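Examination of the molecular architecture
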Amino acid sequence: MSNEIAVLGVGMHPWGKWGRNFVEYGIEATQAALADAGVGWRDVGFVAGADTIRNGYPGFIAGATFAQALGWKGNRVSSCYAACASGAQALNIARAQILSGQTDVALVVGADTTPKGFFAPVGGDRPDDPDWLRFRLLGATNPTYFALYARRRMDVYGATVEDFARVKVKNARHGLANPNARYRKEVTVEEIMASPVVASPLRLLDICATSDGAAAVVLSSMEYARRHTTEPVRIAAISTVTPTYPQTVIEMPNFSTDSAVATGLPDRPFRDAIAHAAYEEAGLGPDDLHLAEVYDLSTALELDWYENLGLCKEGEAEKLLRDGDTTVGGRIPVNPSGGLACFGEAIPAQAIAQVCELTWHLRGEAGDRQVEGARVGITINQGLFGHGSSVIVRR
Amino acid sequence: MGTKTPVPAIDGWFTMDAERPALLGTRCTGCGSYFFPRETFFCRNPDCTGRTFEEVELSRRGIVWSYTNNCYQPPAPYVSPDPFVPYTIAAVELPAEQMVVLGQMVPGVDVDDLAVGQEVELVLSTLFEDDEHEYLVWNWKPVEG
């Protein structure tokens, strides 16, 4: 328990395609989080930025960029990039600063401005970069990998494209009540099935868009929090683990898995291990959860996460969904925010936004999408090149 | 293949044997782990500090682990014909190496022609061409019968 820190405040800039500089979104989210925390910029002793690689040099040094935009005051900063897991890495860095006694209050912020269409690799001729090579030699986009997992679910567990569509229907319904969501419109299974196939078996409405957006969290030591608030939401675990060799599931942007010839299989595959590390750290398990925010890059991937989190046994995710267990009001609501289905992905902000959502639920401030009685929640996500990302919050 | 000179789209990833091509990987001489694309500097098995690797031809046949297609033109650096032609991609398990390797399916094979567990073999196909060269890459092809 001594390793817990407090979530003092959370804030977001709504997701969308606003076409403005990512720094502006970050400032808006930060101002919201500071106001929510009831502290001023002068109280912040550390800024952890989650980087974006799409917005030039300022994006690569997000910690300093936001600190300058908010007004230099000589505090320490960090900047980190771990693709979709950047936000969890930034939270982890800020937590270490607090627990080591360097600061009482830390700001974690991520923001992005995204282009239209498929995410493309960094430009130039880069034959040493697997992310460049997979586009060059295979034409393998991000949805290629999502679709391989989806097809595998169909073949091994008997999932159907209607099951995948039902994930979207659920999340779209959840997102109706979320003012920060980009897409706030109900959608039917029929509409999803009528949308064009992008990467079989996944259709356009099965795959998340890319969005502009920003999220910020103000963290503090428990001592500081006790002086400023009562019963704060606490961070009980941050899992940032890598896979264990051999990684036997094909992962973006790789051409192959590791070979298991010399070593046999690892104790658990990567995505299971991300959750396992978070549970171990918090001293909690899947039965303790009241809600989860998972990274639904595709509808089918949300079903994978149910099993990785241990919400059900392998192969039973479709049943969990069909039974309504993961709908708000069900046994273990998943993506009450509406998920990436309603947000689209703003990479450096997304893992931070997941924590914002859990915080609102644990405080009972989530409005019409509130998960009643929520006391423990988990986020889970995975960043390109082997970055685990899972955060457990409790109250 | 026409009158243009066939060259690999990337050097050293596969043999240019027109009849029986193979992917070129490496194998750690210490622990026996396979690597594709090749690892030549330091073994990635955490319990091995191997620095010597032998070049190996990977199994030419494998089992489909999963598959998909791409219905929309991907961004550069993919070199797309104009107009864009959709293609199929398979993840193929090589039983001997206990690893899964991605590849495009040969042109003309659609997702409806495929099933998980199906046997496929390695061939070379043209990825793109310029005035003088055909740039070849490995493809997977269903094994007949």
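Every value quoted in this text rests on a predicted model; they were computed, and no experiment measured them. (Residues numbered from 1 in each chain as written. Chains lettered and ligands numbered in written order. Predicted model: local features only at pLDDT ≥ 70, side-chain atom pairs only at ≥ 80, totals over all residues. Heavy atoms only, no water.)

What follows deals with the overall build of chain B. Assigned secondary structure in chain B consists of 0 helices and 9 strands. Along the chain direction, N to C, the helices and strands of chain B fall in the order β-β-β-β-β-β-β-β-β. Along the first, second and third principal axes, the C-alpha atoms of chain B reach 50 × 35 × 30 Å. Taking all 145 residues of chain B together, 52% fall into the buried category. Working note: accessible area of chain B is about 7,000 Å², and carbon and sulfur atoms make up 48% of it. Looking at chain B, you have 9 positive and 22 negative side-chain charges, and the mean spots of the two groups are 8 Å apart. (Helix = DSSP H or I, 4+ residues; strand = E, 2+ residues; numbered from the N terminus. Buried < 20%, exposed > 50% of the residue type's maximum accessible area, 1.4 Å probe, protein only. Areas by Shrake-Rupley, 256 points an atom, 1.4 Å probe, with all protein chains shown as cover. Lys, Arg positive; Asp, Glu negative; His and termini not counted. Charge placed at Lys NZ, Arg CZ, Asp CG, Glu CD.)

A few words on the nonpolar core. Across soluble globular proteins, you tend to see nonpolar side chains buried next to one another. In this structure, Ile392 of chain A together with Trp138 and Trp140 of chain B are the most contacted members of the largest nonpolar core, which totals 97 residues. Counting residues in hydrophobic clusters, the runner-up holds 39 residues, among them Ile5, Trp15, Ile352 and Leu362 of chain A. (Core = buried A, V, L, I, M, F, W, Y, C linked by side-chain atoms within 4.5 Å.)

All names here are of chain A. A rise of 1.5 Å per residue sets the reference length of helix α1 (residues 22-37), with its 16 residues, at 22 Å; its end C-alpha atoms lie 23 Å apart and thus fit the reference within 8%. When we look at burial in α1, the residues that qualify are Phe22, Val23, Tyr25, Gly26, Ala29, Thr30, Ala33, Leu34 and Ala37. Along the axis of α1, the buried positions cluster into a sector of 165 degrees, meaning they face one direction only. For α1, the secondary structure elements touched by its buried residues are β1 (5-16), α2 (56-60), α3 (62-70), β4 (105-112) and β7 (212-220). Two to three positions downstream of the cap, the backbone nitrogen of Val23 sits 2.8 Å from a side-chain oxygen, assigning the N-cap of α1 to Asn21. Just beyond α1, the residue with positive phi is Gly38, at close to 75 degrees. (Expected span 1.5 Å × (residues − 1). Arc of directions from axis to C-beta. Contact = heavy atoms within 4.5 Å. Polar contact = N/O pair within 3.5 Å; in protein donor to acceptor, adjacent residues only side chain to side chain.)

Residue and element names in this part refer to chain A. Position of Gly158 relative to the elements: it lies in the loop between α6 (142-157) and α7 (161-175). Note on Gly158: relative accessible area 43%, which makes it partly exposed. The residues contacting Gly158, other than those within four sequence positions of it, are Arg153 and Asp163.

Turning our eyes to something else, we now look at the sheet that holds strand β11 (residues 387-394) of chain A. Residues and elements named next belong to chain A. Across the sheet, which stays open at both edges, the 9 strands sit in the order β3-β2-β4-β7-β1-β8-β11-β10-β9 with mixed pairing between neighbours. Single-partner strands in this sheet number two, and they are β3 (76-80) and β9 (291-294). Within the sheet, the average angular offset between the axes of one strand and its neighbour, ignoring direction, is 20 degrees. Of the strand pairs in this sheet, strand β10 (residues 376-383) and β11 are connected by 8 bridges, and their pairing is antiparallel. Counted as the bridge partner of Thr379 is Val391 from β11. Relative to β11, helix α10 (residues 270-282) is tilted by about 35 degrees, and along the sheet it contacts β8 (233-239), β10 and β11. (Pairing = 2+ DSSP bridges. Axes fitted to C-alpha atoms, helices over the stretch in contact; angles between N-to-C directions.)

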